[in-house]
Amino acid sequence: MDPISERASRQTETSYQNRALEIAFTLPDGWEFAGEDQLEMMSQQLLANADGADGRQLMIAHKPGSMLNVHIQCLSGYKSQDLDGEHLKELVDQSQYIIPEVTVREWMDPIRLGKLTYEPLHIRHEMLGMDIDQYGLIAGHRDYVVMIFLTGEVSEHPETLLDAFS
């Protein structure tokens, strides 16, 4: 099943599930999902920077009044590339997803979510006077690069959002 197919995704008021990726995200208390309009806008922005690749913003969840958010997105067009851990790291290192002025940038040990093993990248940077932590989890699935971003202020501990996945 294609992970960007509408048939692959299912969202309720409290959870998001992608059957192709075999992942589910349950909203923590007080959180909200972004609407279809925002997902479409983010998909357009994602594709504008994707050099002709296809893809989609699959899910955005956020805690109102906070910097905490979770994004799941997929980009295709990598059929001729090996999408194992080292090649994924090279793709990310060369991409524009990396914020240039970071205080921390480290690859962490791979983790398994659903059927994929993700290469986690921890980035810490300053934005609007706030110290921001971002964890990017990157995996290959068929000719797709799957990216999950957990973002928030350092004091909000965005890495704990991994507990909301099953």
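Residues numbered from 1 in each chain as written. Predicted model: local features only at pLDDT ≥ 70, side-chain atom pairs only at ≥ 80, totals over all residues. Heavy atoms only, no water.

### Brief notes about the pairing of strand β9 (residues 116-127)
Next, step 1: Bridge analysis of strand β8 (residues 111-113) against β9 gives three bridges, and the strand direction is antiparallel. Residue pairing in the sheet places I111 in a bridge with Y118 of β9.
Next, step 2: Taking the residues that link successive antiparallel strands as the turn, the β8-β9 hairpin has two residues, and the phi of G114 there is positive, at about 60°.
Next, step 3: Where β9 folds back onto strand β10 (residues 130-141) in an antiparallel hairpin, the turn is made up of two residues, including L128, whose phi is positive at roughly 55°. (Pairing = 2+ DSSP bridges. Helix = DSSP H or I, 4+ residues; strand = E, 2+ residues; numbered from the N terminus.)

### Some details on helix α1 (residues 36-48)
Next, step 1: Compared with an ideal rise of 1.5 Å per residue, which puts 13 residues at 18 Å, α1 spans 18 Å between its outermost C-alpha atoms and is within 8% of the ideal.
Next, step 2: Burial in α1 covers these residues: L39, M42, S43 and L46. Along the long axis of α1, the arc covered by the buried residues comes to 105°, so they all point the same way. In α1, the exposed positions angled more than 90 degrees off the buried face are occupied by D37 and A48.
Next, step 3: Packed against the buried residues of α1 are β5 (55-62) and β6 (69-76). (Expected span 1.5 Å × (residues − 1). Buried < 20%, exposed > 50% of the residue type's maximum accessible area, 1.4 Å probe, protein only. Arc of directions from axis to C-beta. Contact = heavy atoms within 4.5 Å.)

### Concerning the nonpolar core
Next, step 1: Ranked by internal contacts, the top residues of the largest apolar core, which has 28 residues, are F25, V70, Y118, I148 and F165.
Next, step 2: Those elements that place two or more of their residues in this core are β3 (23-26), β5, β6, β9, β10 and β11 (144-153).
Next, step 3: With four residues, the top contributor of residues to this core is β11.
Next, step 4: With residues near it in sequence (within four places) discarded, F25 still touches T14, S15, Y16, F33, M59, A61, V70, L161, A164 and F165. (Core = buried A, V, L, I, M, F, W, Y, C linked by side-chain atoms within 4.5 Å.)

### Observations concerning the packing of aromatic side chains
Next, step 1: Applying the stated criterion across every chain yields a total of two aromatic pairs.
Next, step 2: Among the aromatic residues, ring-to-ring pairing joins F25, W31 and F165 into one connected group. (Phe/Tyr/Trp six-rings, centres within 6.5 Å; stacked < 30°, edge-to-face > 60°.)

### Digging into the pattern of salt bridges
Next, step 1: All chains considered together, the criterion is met by two salt bridges.
Next, step 2: A salt bridge links R56 to E36; its shortest N-O distance comes to 3.8 Å. Within this pair, whereas R56 is found in strand β5, its partner E36 is found in helix α1, the two being separated by 20 residues in sequence.
Next, step 3: We classify E36 as exposed; its relative accessible area is 54%.
Next, step 4: Among the salt bridges present, the one from R124 reaches D133, with a minimum N-O distance of 2.8 Å. (Salt bridge = Lys/Arg side-chain N within 4 Å of Asp/Glu carboxyl O.)

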